[in-house]
Structure formats: structure tokens, C-alpha cells
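Residues per chain, in single letters:
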Amino acid sequence: MEGMRTALVTGGGRGIGAAISKRLAKDGYRILLTYCNSSKPAEMVVDEIRETGIDAVAANCDVTDAREVALLATHPWITEGIDVLVLNHGRYDRVDAKELGITHLKRTMATNFEGAFLIWDAVKTHLTDQARICVIGSQLGTRGSAHGADYSASKAALAIWARSLAQSLAPDGKRVNIVAPGFVDTDILAGDSPEKRISREQEVPLKRIGTPEDIAGTVSFLVSEDSNYITGAVVHVNGGLYLP
Ligand code: NDP
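This structure is a prediction, so every number in the text was calculated from the model and none was measured.

**Q** Run through the sheet that holds strand β1 (residues 5-9), naming residues and quoting values.
**A** In space, the seven strands of this open sheet follow the order β3-β2-β1-β4-β5-β6-β7, with parallel pairing throughout. For this open sheet the edge positions go to β3 (56-60) and β7 (234-237), each flanked by a neighbour on one side alone. Adjacent strand axes in the sheet meet at a mean angle of 20 degrees, parallel and antiparallel pairs treated alike. Sheet topology note: the strand β2 (residues 29-35)/β3 ladder contains five bridges and is parallel. Directly across from Leu33, in β3, lies its bridge partner Ala58. Contacts between helix α1 (residues 15-26) and the sheet are confined to β1, β2, β4 (82-87) and β5 (127-136), with β2 contributing the most and set at about 165 degrees to the helix.

So this is what it looks like as C-alpha cells:
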């Protein structure tokens, strides 16, 4: 479509991804969001965006499946050119580092790290000249976690890969940045007891858990012209919880 800018948001149907999809729609992008298992929430996000007069569509794609990723890359909104790519999908299953097994480790790496690579690799020839890429990492990718050695390692790999990509793409005018959230109110924290939630809030200097919109606002900035001189950055959005 002439003049229409397109954003692709992986895992854009719920949680942080849903907030990013809605925010980028508000910013004027038509939204192609992907989901893996949760089709209903994804369709609801699409409907909500369309009600505002912005076009949106949901595509089913398991990022660990190279065939599904290759099929996604044939979507006309992708072949017409992507202005913004947000690699947001991710999984976090709490397992103590001492108990971590190779099957679990491989699954986490396949989703959080290799899945991001597969998407990038499949769509890279369709990025527009000034394309912006935003990768959702995690504070745990720098901090580590007793309950998420696999997750932390996958997010560390993701961040350093994205930084490397930023250096490689900079001469082409394309920018890549990483957002590293702290605690954010999504299903990832849904298992918290009320006591755990209060202790998390107390731990954060700004005294609250982050909202998906807190992350979406940062992504919006990092893909906008206001951040034209920022690339390869890891932006920590965590209420002051962890300042590397
Ligand atoms: P949610 O669990 O709410 O959402 C996870 C998203 O990832 C869903 O859209 C899910 O799709 C998608 N996803 C998972 N596995 C796959 C797969 N194999 N293929 C495609 N998509 C997949 O988590 P959040 O919204 O909280 O997390 C979003 C990102 O933010 C993640 O990368 C997460 O690691 C990161 N993050 C979150 C923090 C938090 O406190 N919430 C803190 C730091 C980082 P579906 O539901 O359709 O399966």
C-alpha cells in the first residue's frame, strides 16, 4: 500500500507484545503480529487496532519451526517491505540452575535466541532502507538468575547478537536496539503469590511493577526518528531495579 509503513511484531498477541502492537498502530504503522498458541487474544488485539482505523493482521508462526517462519516471510505485507521489526516473543519456565537439563536448555535457546535469528534471516531481504529493529531482551540477560540459567543465557545471546547486527547494519542506515525489561505485569508474573508481588514492588526503586505499556513506549521511541543516533544500545526499563 502506497505510503503505508509496516511493523512486524513477534508474539504480538498478548502481554508486552500486545502493548507494542497497539502502540505502534497508534504511531501509524499497520501491524502484522504473530502468535504461536494464543489465537484468541491475538485476534482481539487485531480487532482493537482495526477499530481505530489502522490495518492489522495476525499470523500463526512458531518461531522454532523453520518451515513456519519461511511461510510467514511470504506474507504480502512482509514482501512489500518491513519498516519496523520487533523480536518480542519469548518463554520463561522457572527451573533451578542446578536442575536444568539439556532438553529444557535447547528449547529455551531455540525459542528465545534461534527463533529471533530465524525470523530475522527469513525477512532480512524485505527490510526497508531505514528499517529499525528492536529486540526484547531481559535484565536477566545481564544479571543471571538462579531460576532461569537457560533464560538468562538465551537473553544474553540475543542481546550480543543484536548488538553485532547493529554494527553490521549501521553503514546501511538500519538501526538495531535492545530493550531489557525488569519486572513487567504479564502472564510471566501470573504465578506470583500476593506476598511475592508486594516484595517485588518493594524491591523496585520506583515502587511498582512495570506495565507492558512502559515497555511499548520505549520501543516506540527506539523505532522513531527521535532516536536516530541510537543503535546497538541496551535500554534497561526496570524502575531502577538493576543499573548495569
Ligand atoms: P508472555 O508469556 O505474556 O508472552 C510471550 C509471547 O511469546 C506470547 O505472545 C507467545 O505467543 C510468544 N511465544 C512464546 N513461544 C513462542 C514460539 N515458540 N513461537 C512464537 N511465539 C512464541 O510474556 P511477556 O509478554 O511478559 O514477554 C514478552 C517478552 O518480554 C519476552 O521476550 C520476555 O522474555 C520479555 N521479558 C518479560 C519480562 C516480564 O517480566 N514480563 C521481563 C523481561 C523480559 P503465544 O501466546 O501465541 O504462544
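**Q** I'd love a proper account of the side chain of Arg30, names of residues and values included.
**A** Looking at where Arg30 falls in the secondary structure, it is placed in strand β2. Side chain to side chain, Arg30 and Glu80 meet in a polar contact 2.7 Å long.

**Q** Outline the side chain of Ser21, supporting the account with residue identities and numerical values.
**A** Relative to the helices and strands, Ser21 is located in helix α1. The class of Ser21 is buried, set by a relative accessible area of 0%.

**Q** Break down unusual backbone geometry for me, with residues and values.
**A** If a residue is not glycine, its phi is most likely negative; likewise, a peptide bond is most likely trans. At Lys207, a position not held by glycine, the phi torsion is positive, near 60 degrees. Turning to its location among the elements, Lys207 is positioned in the loop between α8 (194-203) and α9 (212-222). Look at Lys207 and you get partly exposed, because its relative accessible area is 46%.

**Q** Outline the site of the ligand, listing residues and values.
**A** Taken together, 27 residues are adjacent to the ligand, and Arg14, Cys36, Ser38, Tyr151 and Thr186 come closest. Here Asp62 contributes a side-chain N or O atom positioned 3.0 Å from a nitrogen atom of the ligand. Contact distances for the ligand include 2.9 Å between a nitrogen atom and a backbone N or O atom of Val63. Bound to the protein, the ligand loses 94% of the 890 Å² it would expose on its own. Those elements giving two or more residues to the shell around the ligand turn out to be α1 and α7 (149-169).

**Q** Residue-level account of the pattern of salt bridges, with values.
**A** Counted by the stated rule, this structure contains 14 salt bridges. One salt bridge in this structure joins Asp187 and Arg14, with 2.8 Å as the shortest N-O distance. A residue pair is termed long-range when its members are at least 10 positions apart, and Asp187 in the loop between β6 (175-181) and α8 and Arg14 in the loop between β1 and α1 qualify at 173 residues. Classification of Asp187 as exposed rests on a relative accessible area of 54%. Between Lys98 and Asp96 there is a salt bridge, with its nearest N and O atoms 3.4 Å apart. Residue Asp96 is classed as partly exposed on the basis of its relative accessible area of 25%. A single network of salt bridges, built from pairs that share partners, joins Arg91, Asp93 and Arg107.

Thresholds, definitions, all that
- Residues numbered from 1 in each chain as written.
- Predicted model: local features only at pLDDT ≥ 70, side-chain atom pairs only at ≥ 80, totals over all residues.
- Heavy atoms only, no water.
- Pairing = 2+ DSSP bridges.
- Helix = DSSP H or I, 4+ residues; strand = E, 2+ residues; numbered from the N terminus.
- Axes fitted to C-alpha atoms, helices over the stretch in contact; angles between N-to-C directions.
- Contact = heavy atoms within 4.5 Å.
- Polar contact = N/O pair within 3.5 Å; in protein donor to acceptor, adjacent residues only side chain to side chain.
- Buried < 20%, exposed > 50% of the residue type's maximum accessible area, 1.4 Å probe, protein only.
- Near = heavy atom within 4 Å.
- Areas by Shrake-Rupley, 256 points an atom, 1.4 Å probe, with all protein chains shown as cover.
- Salt bridge = Lys/Arg side-chain N within 4 Å of Asp/Glu carboxyl O.

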